[in-house]
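Okay, here's what each chain looks like letter by letter:
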Amino acid sequence: MATQADSIEEIFTTVAALAPEIRDALPGRRVQNDETNPSGEMQLAADAYADELFLDHLGALDTVVEYSSEERTKIVPTDDDGEPGLSVAIDPLDGSSNLKSNNTMGTIVAVYDAPLPAAGSDLVAAAYVLFGPITTMVTADGDGVTEYLVDDGVREVITEDVQLPDDPSVYGFGGRVPDWPADFTAYTEDIEPDDSMKLRYGGAMIGDINQVLTYGGIFAYPALESAPNGKLRLQFEGNPIGFIIESAGGRSSDGIQSLLNVEATDLHQRVPVHIGNVSLIKELEERFR
Ligand code: AHG
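Remember, it's a predicted structure, so these values are computed and weren't measured experimentally. (Residues numbered from 1 in each chain as written. Predicted model: local features only at pLDDT ≥ 70, side-chain atom pairs only at ≥ 80, totals over all residues. Heavy atoms only, no water.)

**Here we look at the UniProt feature "binding site: substrate" (unreviewed entry) in the chain**
Listed under "binding site: substrate" (unreviewed entry) in the UniProt record, and renumbered for this structure, are Asp-94, Gly-95, Ser-96, Ser-97, Tyr-201 and Lys-231. Considered against the largest pocket, the annotated residues that line it turn out to be Asp-94, Gly-95, Ser-96, Ser-97, Tyr-201 and Lys-231. Along the chain, the position of Asp-94 falls in strand S5 (residues 86-94). Apart from the residues within four sequence positions on either side, Asp-94 is in contact with Met-105, Gly-106, Ile-108, Ala-204, Met-205, Ile-206 and Glu-237. Assignment of secondary structure puts Ser-97 in the loop between S5 and strand S6 (105-112). (UniProt positions renumbered as here; feature names shortened; annotations may be inferred. 1 Å grid on protein atoms, 1.4 Å probe; cavity = no way out; pocket = protein on both sides within 12 Å on 5 of 7 lines; lining within 4 Å. Helix = DSSP H or I, 4+ residues; strand = E, 2+ residues; numbered from the N terminus. Contact = heavy atoms within 4.5 Å.)

**Some remarks on the packing of helix H4 (residues 205-215) against helix H5 (residues 234-247)**
Two elements in contact, H4 and H5, have axes separated by 12 Å at closest approach and are oriented at 15 degrees. By the angle between their axes, H4 is roughly parallel relative to H5. With respect to the hand of their crossing, H4 and H5 are arranged in right-handed fashion. Along its contact with H4, which presents Met-205, Ile-206, Ile-209 and Leu-213, the element H5 presents Glu-237, Ile-241 and Ile-245. Class assignment of the residues belonging to the contact of H4 with H5 gives a composition of six nonpolar, no polar and one charged. (Axes fitted to C-alpha atoms, helices over the stretch in contact; angles between N-to-C directions. Parallel < 35°, antiparallel > 145°, perpendicular 65-115°, else oblique. Left-handed = near helix turned anticlockwise from the far one by under 90°. Nonpolar A, V, L, I, M, F, W, Y, C, P; charged D, E, K, R; others polar.)

**Here we look at unusual backbone geometry**
Excluding glycine, a negative phi dihedral is what most residues carry, and trans is how most peptide bonds are arranged. Put simply, Leu-116 and Pro-117 share a cis peptide bond, and its omega is -5 degrees. Of note, Asp-152 is a non-glycine position whose phi angle comes to about 55 degrees, a positive value. Structurally, Asp-152 is set in the loop between strand S9 (145-151) and strand S10 (154-159). Judged by relative accessible area, Asp-152 falls into the exposed class, the value being 69%. (Buried < 20%, exposed > 50% of the residue type's maximum accessible area, 1.4 Å probe, protein only.)

Structure representation (structure tokens):
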């Protein structure tokens, strides 16, 4: 009888195995589809291709009973034997607008032990694949965070028990500066003069998060005056990345509370995202009081 840990491992192995196929498919898929995704953004052919591939392969696993993705409106039931199982929510290509400029992008996977939409407290695992100069994968399974090299679709451990460095040095904030609310602007004015911190923003959350995990620091896509819930989605982005960074000793916040405590009300709901070292997120939450 497979354990939940076996099921999580099977999901991670499947995602890693698809990474070379997705990477190889990117050069020919830099054009836009005619479709918009459920959040109203133009889909690239690459987003749609990756989404179909993940549905085919993750949906075929006995352990996966629900599949959902940032690219499709509805949850796809994938249970064929009536046995209980796990729900997968996936951002097939986070930061796909970076494909045009050939910058970093990646895949984010959230594994919930509950029907979707689910709360962060229902997460049992999360992972991301980073398509940078090399392909790496970071996983969190409730028992620590591991970074892998993905070589020919197979994971090789680079670092076990990854922890955020104690002395943070990078920050990256999304959204137009004039669109930031006053409390967030006040926080950025605390950070910017700090000579131990430098700005690094790449336009793909997953790349920006990976540098926070590597160097220590903070990433935010805050609430905006024009979009009070920000841009990023709770199920596909906020929750899984919050789970990984909190598992690595950091903290996540919507400005008030951990992202993992935000109530899930809609599959495509957006949430302000602030993620990084505990000290920096605490200072941010103080500014928001
Ligand atoms: P998408 O996956 O639709 O390309 O969205 C990417 C997200 C996230 O990865 C990144 O932090 C943010 O959008 C970038 O948005 P801006 O273009 O506003 O900087």
